[in-house]
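# Summary of structural features
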Amino acid sequence: MPDQKKADILGCRIDLLNITETMERLKCLIESGTTEQVITLNAEIAYTARKDRQLQAIINSASLVTPDGIGIVWAGRLMGYKISDRITGIDLVYRISEKAVSRGWTIYLLGASPGLADKAAQNLSSLYPGLQIAGSEHGYHKEEDMAAVINGINLARPDILLVALGAPRQEYWIYKHKAKLDVPVCIGVGGSFDVIAGEKKRAPDFFIKLNLEWLYRLFKEPARIKRQVVLPLFVLQVVKSKYRSIK
Ligand code: UDP
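Predicted, not measured: the structure shown is a model, and the values here were computed from it. Numbering of residues begins from 1 in every chain and follows the order in which that chain's sequence is written. Local features in a predicted model are, by the rule used here, given only for residues with pLDDT of at least 70; side-chain atom pairs are given and counted only at 80 or more, and totals for whole chains, interfaces and linings are based on all residues. Calculation of side-chain values draws on the structure's entire complement of heavy atoms; hydrogens and water are dropped beforehand.

### So, the site of the ligand
Note the following rule: Residues are labelled near a given molecule or strand when at least one of their non-hydrogen atoms is within 4 Å of it. For the purposes of these results, a polar contact is taken to be a pair of N or O atoms within 3.5 Å, where, inside protein, one atom must be able to donate a hydrogen and its partner to accept one; residues adjacent in sequence count only when each atom of the pair is a side-chain atom. Computed with the Shrake-Rupley method and a 1.4 Å probe, the accessible areas treat only the protein chains shown as cover for residues. Under this grouping Gly is polar, as are all residues other than the nonpolar Ala, Val, Leu, Ile, Met, Phe, Trp, Tyr, Cys and Pro and the charged Asp, Glu, Lys and Arg.
Taken together, 16 residues form the shell around the ligand, and within it Gly 139, Tyr 140, Asp 194, Arg 217 and Arg 227 come nearest. Taking Ala 112, its main chain carries an N or O atom lying 2.8 Å from an oxygen atom of the ligand. In this structure, Ala 164 approaches the ligand through a main-chain N or O atom, which is 3.3 Å from an oxygen atom. Taken by itself the ligand offers 550 Å² of open surface, and the protein chains cover 82% of this. Classifying every residue of the shell around the ligand by side-chain character gives five nonpolar, six polar and five charged.

### Brief notes about the environment of Pro 184
The cut-off we apply is this: Numbering goes from the N terminus for both helices and strands, where a helix is a DSSP run of H or I of at least four residues and a strand is a run of E of at least two. Buried residues are those whose accessible area, probed at 1.4 Å on protein chains only, stays under 20% of the maximum for their type, while exposed residues exceed 50% and partly exposed ones sit between those limits. Contacts between residues were defined by any pair of non-hydrogen atoms, one from each residue, lying within 4.5 Å.
With respect to the helices and strands, the residue Pro 184 is situated in the loop between helix H8 (169-177) and strand E8 (185-188). Residue classification places Pro 184 among the buried positions, given a relative accessible area of 14%. Sequence separation between Pro 184 and Gly 33 is 151 residues; the distance between their C-alpha atoms is 5.9 Å. Excluding its chain neighbours within four sequence positions, the residues that come into contact with Pro 184 are Leu 29, Ile 30, Thr 34, Thr 35, Glu 36, Pro 158 and Asp 159.

### Remarks on the pairing of strand E2 (residues 12-15)
Operational definition: Between any two strands, at least two bridges found by DSSP are needed for them to pair.
Burial of the side chains of E2 extends over both faces: Cys 12 and Ile 14 are buried on one face and Arg 13 and Asp 15 on the other. In this structure, strand E1 (residues 6-9) lies alongside E2, joined through four bridges in antiparallel fashion. Within E2, the residue paired with Asp 8 across the bridge is Arg 13. Linking E1 to E2, which pair antiparallel, is a turn of two residues; within it Leu 10 sits at a positive phi near 50 degrees.

### Notes on the sheet that holds strand E4 (residues 64-67)
Quick note on the threshold: All axes here are fitted lines through C-alpha atoms, helices being fitted over the stretch that makes contact, and every angle between N-to-C directions spans 0 to 180 degrees.
Pairing in this open sheet of six strands is parallel, and the strands run E4-E3-E8-E7-E5-E6 from one edge to the other. Looking at the sheet topology across the chains shown, the edges are occupied by E4 and strand E6 (132-137). Neighbour to neighbour, the strand axes of the sheet diverge by 20 degrees on average, direction disregarded. Here four bridges tie strand E7 (residues 160-164) to E8, and the two strands are oriented parallel to one another. Bridged to Ile 160 within E8 is Val 185.

This is the structure:
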């Protein structure tokens, strides 16, 4: 009988929490007083982690891993886990911003092209009046400037750092700098600032409800095909591992 609170998909641990439980867990992590990494795991990262042991170790050492993407949800269900919600980076950004107003959490946005983190911060402030933005910074700094970037984040003392450098770059970045970051919760949120800033459009609800967001992104950004070919390979690996487990 699989653990009903955690899934293991191709060696990656995923927390089986619905969105309410996820928000509750985030609250505990914020209050923990340490620096915790949160990952929204999609099929592409899970597939990469099969061959990239360091990435796998980062995922398995994170304090919270949510199922991001229909590939993960589908794979989890095939393996016999109860996955109720798909929890993406952008969903978390909106949920956190909403909760941050009543709880007094402050957020810092790091990532995306110059200007977009600032614009995303402004748009979040308009959507959630009272939201306290601790700061924002683009995601194209040279390695030698990283100490100053981290210093800026620490001086702003956010409760939550949203890191939008794309996956898995953001997962490596958070893991590498965790010890120097004086922030309770650091979350990788992929390309969400581009969408929140209005630079890119998220798929219409129709696509999201039918779990076809990946198809919409493929229409909009055909170059993503190179990344999305991983999806059928991921599915094949999951089917193989399911078959091995019942043999
Ligand atoms: N990005 C960045 N620094 C980099 C490379 C990428 O800030 O060195 C940003 C990029 O501008 C975009 C995001 O990371 O805003 C990646 O978006 P994508 O949709 O590819 O990420 P995914 O959601 O697929 O992880």
